[in-house]
Amino acid sequence: MKHNIIPKALRWMAAAGLCLAAAACSKDDITPEPAPQQGITPTKIIFNVTRGGYDGDAETRAPKSGWAEGDVIYFRTGLVAATNLATYTDGEWVVTMNSTIANGATYIKARYAEKVTDDAYGHLSIEHGDVAYTTSGSYKVDEGGVATITLRLDQHPQGRMTFTGVGKGKELTVLGMKYVSYFRGDESLPRYTEAPITLTGEDDGTATLYALPTPPIVTEAGITLTVTYDGVVYTKTFAGKEFKENSNITLAAPSLEGGWKEAVTEYGAEDLKMGDYLYSDGTTSDGGLRKLYPDGTVETATEAVAPEAGKTVIGIVFHAGRHATDASDYTSPLTAGGPTLAGEVRGYAVAITDATLRTSYGAKWVTGPNGEYDFRSGVSTDKYAWNGYANCRAIHDYVTAHAGEGWEMRHFQAAWSCETYGNRSLDYDGNPTSDYAWQAPLRAPAGTSGWFLPSVGQLYYMATCRDYLDSRFMAAKAASAAELQDYVKGFDTDSMCIYWSSTEDERSWYTDYAYDMSFSEPIYTTSLKRINYNALTRPVIVF
């Protein structure tokens, strides 16, 4: 386990990438070459590095006496400079200088990650672990040619949460967190991956999390942790607690005696819930779910619950009630004369088939009358919100505002493929086609929102419950008409396949990207809006 390091001036000698033996290193031993650093060629490099900075944790309180063999610190100046390396080898730092640094510089950017899996071009791919950095390292060459690099890695883009009493070798999985997974050499801040993080107890019985909370688990009440431990999913809200960059929190392993609760929602057959069947007449029936855990684990009825005989299943419920982050106005229909939700939101359902055809080329997110795709359409960039309908409404507003430039809804292929699901008679070029006639029995019932392209928040939730939803798709398939048998299926889990969302990339310079979801694993990703290779759509509906 790596935490803070006892401060220590760890020195190694190198000259322009050439490692020198300590006994041989002196001004007299090396003939300086012409000036890469303001007239002075270093004859020796002293590498001073310390790590610290977690809240309330002094550097001298490190549980580890030194760096591990093979640890690497990456440092550079400027956006285009090559990355220099310091590698901890046999108790000393071996420095490799791949680019020059100006004498007197105080703006060295340095990064360390506990578990680097790839460092091509100085861009770090990282597994869960400790990460530290600085943007104010210094470099100074004295008149005798001795260069001193000083780095204090005291900034952490994650918080540290230590669980005690876990037990050696025991696993503890934390939900609702994101960890640093990529740190480019030319960017000041890293990128994160959201996924359950599994920790293993160390020899001293502790397990340490390095992460940040995702917005859904942080409220005015505090931070709500959900942890799987000893076969039980626990949850607890910590009032007034913050877990942010540089935070340092210690918690006891979860237990009922420690104030944690078992995180499970129980249902009866009469309750509307995930997995229930939605029919073409707008009614629903029990799908068999009896217990739902936050990690997507389920318990079902002892006997399999099939759809009602004589009815056509068009969707599977994936959430009951209006989601807290859904601000959509369902009284405003997407299409003239189209269905409009009657009353309050009862729930959300996902179609039992893709809206795109079973070919390698599905739908582009958008391709304008002249091939346009690099622009903002007015949809949300909030990847946590359940506002797919509002996003589609915004796309309609964009088309209306630009109708004079030749824009039609079909140019937004992903959204259009969903809202025409069950009624589609044109291809993306506007030519008549019968390729989608099989969808007719699955058209949206009156009194619903109509089918639409989900937000990435909605897709992510479905991805975390993929296995159970897939089982309901298969139950629906068994009860579907013969002409639908070739189309009803679970989510495509091929790692090359994506499902488009209606959410655009939030990064200001990525106006040509939109969010998608791979159902091979629930991870937020974005793709170029113009691609359609293995790009699928799966409509959702509110009823």
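S.K.: I would appreciate a short explanation of the pattern of salt bridges in the present structure.
M.R.: Close approach of charged atoms allows side chains of opposite charge to pair. Applying the stated rule across the entire model yields 21 salt bridges. The salt bridge partner of Lys-168 is Asp-203, with a shortest N-O separation of 3.4 Å. Placement of the pair is Lys-168 in the loop between strand S13 (159-164) and strand S14 (171-175) and Asp-203 in the loop between strand S17 (197-200) and strand S18 (207-213), with a sequence separation of 35 residues. Each member of the pair, Lys-168 as well as Asp-203, is classed as exposed. We note a salt bridge from Asp-467 to Arg-466, for which the minimum N-O separation is 3.1 Å. With a relative accessible area of 57%, Asp-467 lands in the exposed category. Residues participating in the shared-partner salt-bridge network are Lys-273, Asp-276, Asp-286 and Arg-290.

S.K.: Please clarify how the pairing of strand S31 (residues 498-504) should be interpreted in this entry.
M.R.: When a strand is regular, its side chains alternate between the sheet's two faces. Within S31, 7 of the 7 residues are buried, which leaves the element mostly enclosed by the surrounding structure. The two faces of S31 match: Ile-498, Trp-500, Ser-502 and Glu-504 on one face and Tyr-499, Ser-501 and Thr-503 on the other face are all buried. In terms of strand pairing, S31 meets strand S34 (residues 535-536) through 2 bridges, oriented parallel. The residue of S34 that forms the bridge with Tyr-499 is Leu-536. In the sheet, S31 pairs with strand S32 (residues 513-518) via 3 bridges, with the strands oriented antiparallel. When the sheet's bridge partners are listed, Tyr-499 is paired in S32 with Met-517.

S.K.: Would you take a moment to explain the sheet that holds strand S28 (residues 298-300) for this structure?
M.R.: The strand order across the open sheet built from 3 strands is S24-S27-S28, with neighbouring strands paired in antiparallel fashion. On the outer flanks of this sheet lie strand S24 (265-266) and S28, each paired with one strand and no other. Across 3 bridges, strand S27 (residues 289-292) lies against S28 in antiparallel orientation. In the strand pairing of S28, Lys-291 is matched with Glu-299.

S.K.: Sorry if this is basic, but what is going on with helix H1 (residues 388-401) here?
M.R.: Spacing of three or four residues puts side chains on the same side of an α-helix, whose turn is 3.6 residues. Look at H1: 20 Å from first C-alpha to last across 14 residues, which is about the 20 Å you get at 1.5 Å a residue. Within the sequence span of H1, burial applies to Gly-388, Tyr-389, Asn-391, Cys-392, Ala-394, Ile-395, His-396, Tyr-398 and Val-399. Of the surrounding secondary structure, the elements contacted by the buried residues of H1 are helix H2 (413-419), helix H3 (456-464) and S31.

S.K.: Honestly, the packing of aromatic side chains in this entry has me stumped. Any pointers?
M.R.: What describes a pair of aromatic rings is the distance from one ring centre to the other and the angle between the planes of the rings. In total, this model carries 34 aromatic pairs according to the counting rule given. Ring centres 5.8 Å apart and planes at 80° place the aromatic pair Tyr-398 and Phe-412 in the edge-to-face group. With Tyr-398 in helix H1 and Phe-412 in the loop between H1 and H2, the pair connects residues that are 14 residues apart, well separated along the chain. An identical accessibility class is assigned to Tyr-398 and Phe-412; each is buried.

S.K.: Would you explain the sheet that holds S32 in this entry?
M.R.: Strand-to-strand pairing in sheets goes through backbone hydrogen bonds, with the strands running parallel or antiparallel. Spatially, S33-S32-S31-S34 is the arrangement adopted by the 4 strands of the open sheet, whose pairing is mixed. Both edges of this open sheet fall to strand S33 (523-528) and S34, since each of them pairs with a single strand only. Contacting S31, S32 and S33, H3 runs over the sheet at an angle of about 15° to S32.

S.K.: Quick question: what am I supposed to make of the layout of surface pockets here?
M.R.: In this approach a probe as big as a water molecule rolls over the atoms, and the regions it shows empty are the leftover space. When its volume is computed, the largest pocket comes out at roughly 1,200 Å³. Forming the walls of the largest pocket are 39 residues, and the residues nearest its centre are Pro-216, Pro-294, Tyr-460, Tyr-461 and Thr-464. Mapped onto the lining of the largest pocket, the elements with two or more residues apiece are S14, strand S20 (222-229), strand S29 (313-320) and H3. Here the lining of the largest pocket gets 4 residues from one element, more than from any other, and that element is H3. Of the residues that constitute the lining of the largest pocket, the class distribution is 23 nonpolar, 13 polar and 3 charged. In this model, the second largest pocket occupies a volume close to 750 Å³.

Analysis parameters
Residues numbered from 1 in each chain as written. Predicted model: local features only at pLDDT ≥ 70, side-chain atom pairs only at ≥ 80, totals over all residues. Heavy atoms only, no water. Salt bridge = Lys/Arg side-chain N within 4 Å of Asp/Glu carboxyl O. Helix = DSSP H or I, 4+ residues; strand = E, 2+ residues; numbered from the N terminus. Buried < 20%, exposed > 50% of the residue type's maximum accessible area, 1.4 Å probe, protein only. Pairing = 2+ DSSP bridges. Expected span 1.5 Å × (residues − 1). Contact = heavy atoms within 4.5 Å. Phe/Tyr/Trp six-rings, centres within 6.5 Å; stacked < 30°, edge-to-face > 60°. Axes fitted to C-alpha atoms, helices over the stretch in contact; angles between N-to-C directions. 1 Å grid on protein atoms, 1.4 Å probe; cavity = no way out; pocket = protein on both sides within 12 Å on 5 of 7 lines; lining within 4 Å. Points joined across faces, edges and corners; volume = space filled by probe spheres on them. Nonpolar A, V, L, I, M, F, W, Y, C, P; charged D, E, K, R; others polar.

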